[in-house]
Amino acid sequence: MMTSPLVLRLLACASLASAASSSSTSAKTTPQRIIYTGLSSAADDSGSDLLLDALTKDGYVSITDIRSQHGLHFREMKRNLMSNLHECLSDIGEDVPLQHLDDGTVRKSFATVTLPSADDAASQQPIHLLDDYLARNPHKSAACHAFQEHLSDFRSTVGDATRLFAARLSVELGVALPSPLLLSSNVKRGTDNYDDVESVVMGSEHLEHFHSYQKGDDVKEGNDSMATIELHTDQGLFIAFTPGMFADHSTDQSRMELSDGFYVQDSTTGENVLLEFTQDDDLVFMLGDGVNQIINNQLGDEDGKKVLRATPHALSLSNEQPRVWYGRMVLAPNDAYLPEAASTTFGQLRQVFVESSSKGESIPMGIGCSSNSKMVINTSRFLADEEHDEDEGGHGVSENQCADDSMFCWYRCMALTEETATCAERRLGLQCVDPRGLVVEGGAGHGDFYPACTNNTHITHPITPYPQIEQQDTDVCTADLWTEFNAEEEYDHVISLKPDPTKPGPDTNLYWSIIESEDGQKKLKARLTFNDVFGWLAMGFANEFDTVHNGMNGGKVLLMKPGGEYSPVTGLDLSVGPNVGAYVIDDTDSAFRHWVDTESAVEKASHEHTDCFTALSFESDNISGQTFNLEGTTDDIIWAGNSNDYYVGYHSPFSRARLTINWLTGDVEFFVSKPAWGAEDDADVSEADPLDSPTKLEDDDSSSSTIGAPIGLAIVIISIMML
């Protein structure tokens, strides 16, 4: 399909940035204010331009005295909700997405979306991170419970105000705009075109963010004038936001004050001026670059009196108190297109931007700008995310290296199938998803991810952690108790499976003896002990020809898990009870759902687990027919364990290692080469348990840790990404 001139124009302008400075200034201004009841008269075409005076001159307007459908004051609703935001985000902790801004400010966020619907409450998508946290911790955070209690009514009231704003704007623009304003690609399926501004707004997705800003420990000295967010123009039609408020670490509403630091570019002088708010400013509407494309370019207003202004604005924070803020950005409908666009929809344009960005073309995500003189967004707005800054976790491939018939997903280029190559034709997005239907933004995630056609996005269905199992109580799980757990039986050899005892992570030991059966057959009697709770523990032979996943793919392994009837959506069925099984890992797909249960007998296999520790024991000369080298040659082994969840998935980089073992002499050599898929990406996940340094075992002569044994057949105690 040939790219239309409109697409090329939008792509070209998307990289433009404002040249204006966002430094602070002494000049100040206030928004024009309109009482909420004035918007509700939208059906009365009286010719009174309540909005246009402000939106053509400044590009923003403040709505005051908003009431909910139940007559509640929005000012109180806002305080009830936002006074709990910062405390709730802090309670959730490290699972909350955070961004480090250029001036040292740290921004934590909740993100969600309201989908097109006549009933705003019914179309509100949940904040999955919040819901999942409260489900796992029903009695833990009073702030999160209070935030959730007030959330729906707050969002519904903002939705009502957004609809009335759009309706009033439609009336005031009147016949200056053509009808329909936008065409729908789904007309043949019974969907109407978008006749006016109101229908465009109500037919679009509304992206919602709840932010908490706070100066971090790495604030740059001597840069007090540095902007927190540089001057930029938002990409949507408009954004409805509540003025920022300083929130104390408590949830005391009486201690909340309006924040300063919000600057706009004056339309007359071009100077950046401080926009001052009062408690009367319930909700502020500020226009984005979408009005240039959808409204200004189609105006039949010959004298230009109705040309709307997209407002450049910036944020500069100096106060160390947390600043809380809510915004609702209105995008153009996914199926809508301009008459000149030859049926290229705004949804398709956004997808072009996503794909162009993934190929390294540095195009911001959004709907573009209307002309080369209109700024979309300053490129510095794309903030550093510390999780993805360095080499994307060392996977050896970046998103701009993927071919056209593949996509960047799970830190690698994944081939598109016949189905996933036709997402756009079926009006679906191409996303990197997990089996739960959750979407990882940009494909930069470590887990069981794959390309899929879906309307889910990383905003509507963000990645959330699996429910965490109950963790060790360090007051109970002492070093003495660990020593006692390890001393249950005599073995000829014992080694620590941690290549570097100074690194974090649970202590793990391997005990073994070579025994003979009555018929003279030699067997390995082994016990693997893990100083952490029982998520899973694994051991087995690896495929020596696998160079992609460190010998895992195609390997034959033992897996000790706490349940059966596995589902990648719901995890293990714990009613089945713990068991040890023999599996063959898929040659290419490493996620556990692709493994084959050989159902072969595991001789004298047993499982042990307490509230503190886990152990896997067995006696055998083989795993699934592959024999141990017990006559003096070596096997290449890898081990891995999980203490986090019941989904047979994640293990931290400190809960695994690769090494060769001479079973006869006890000599070991740790593998030091970096796996092709890397390990650094795991390090930011909370699996790395902050326990005390592992107990050092006193090795006797027969269990030395001599380095130098040659690499032979691979055996796993798995260094895998079993997600």
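Residues numbered from 1 in each chain as written. Predicted model: local features only at pLDDT ≥ 70, side-chain atom pairs only at ≥ 80, totals over all residues. Heavy atoms only, no water.

**Student:** Which parts of the structure should I look at to understand the overall build of the chain?
**Tutor:** The helix and strand inventory of the chain stands at 12 helices and 37 strands. Counting the 723 residues in the chain, one finds 54% classified as buried. Partitioning the intrachain contacts of the chain with sequence separation of at least 6 by distance along the chain shows that 72% fall at a separation of at least 24. When the accessible surface of the chain is summed, it comes to about 30,700 Å², and 48% of that surface belongs to carbon and sulfur atoms. (Helix = DSSP H or I, 4+ residues; strand = E, 2+ residues; numbered from the N terminus. Buried < 20%, exposed > 50% of the residue type's maximum accessible area, 1.4 Å probe, protein only. Contact = heavy atoms within 4.5 Å. Areas by Shrake-Rupley, 256 points an atom, 1.4 Å probe, with all protein chains shown as cover.)

**Student:** What should I look at first to understand the sheet that holds strand 30 (residues 606–609) in this one?
**Tutor:** Strands pair in a sheet through their backbones, by hydrogen bonds, and they do so in one of two ways: parallel or antiparallel. The sheet built from five strands is open, its strands ordered 21-22-23-31-30 with antiparallel pairing. Each of the sheet's edge strands pairs with one partner strand only, and the pair in question is strand 21 (493–496) and strand 30. Adjacent strand axes in the sheet meet at a mean angle of 15°, parallel and antiparallel pairs treated alike. Strand direction decides the pairing type here: strand 21 and strand 22 (residues 508–516), joined by four bridges, are antiparallel. Looking at the pairing, Ile 495 lines up with Leu 510 of strand 22. Helix 12 (residues 479–486) contacts strand 22, strand 23 (522–530), strand 30 and strand 31 (614–620) of the sheet and is inclined by roughly 165° relative to strand 23. (Pairing = 2+ DSSP bridges. Axes fitted to C-alpha atoms, helices over the stretch in contact; angles between N-to-C directions.)

**Student:** For this particular structure, what's the right way to read helix 8 (residues 142–173)?
**Tutor:** The periodicity of an α-helix, 3.6 residues per turn, causes residues three or four positions apart to be oriented the same way. Here helix 8 contains 32 residues, and its C-alpha end-to-end distance of 46 Å stays within 8% of the 46 Å for a straight helix at 1.5 Å per residue. Taken as a whole, helix 8 carries its principal kink of about 40° at Leu 151. Buried residues dominate helix 8, accounting for 23 of its 32 residues. (Expected span 1.5 Å × (residues − 1). Bend = angle between axes of the 7 residues up to and from the residue.)

**Student:** I tried to follow the nonpolar core on my own but got confused; where do I start?
**Tutor:** Proteins that are soluble and globular tend to have nonpolar side chains buried together. Membership of the largest hydrophobic core comes to 69 residues, with the highest contact counts inside it found for Phe 110, Phe 165 and Phe 210. Ranked by residues supplied to this core, first place goes to helix 8 with 12 residues. Among residues more than four places away in sequence, those in contact with Phe 110 are Leu 85, Cys 88, Leu 89, Ile 92, Ile 127, Leu 129, Leu 130, Phe 147, Glu 208, His 209 and Phe 210. If you look at the next biggest cluster of nonpolar residues, it comprises 29 residues, including Leu 524, Ala 526, Phe 541 and Met 560. (Core = buried A, V, L, I, M, F, W, Y, C linked by side-chain atoms within 4.5 Å.)

**Student:** Got a minute to help me understand the sheet that holds strand 12 (residues 272–275) in this structure?
**Tutor:** On the basis of which strands lie adjacent, the open sheet formed by five strands has the order 1-12-11-14-8 and mixed pairing. A single partner strand is all that each edge strand has here, and the edge strands are strand 1 (28–29) and strand 8 (229–232). Of the strand pairs in this sheet, strand 8 and strand 14 (residues 313–315) are connected by two bridges, and their pairing is antiparallel. Note on strand 14: the bridge partner recorded for Ile 229 is Leu 315.

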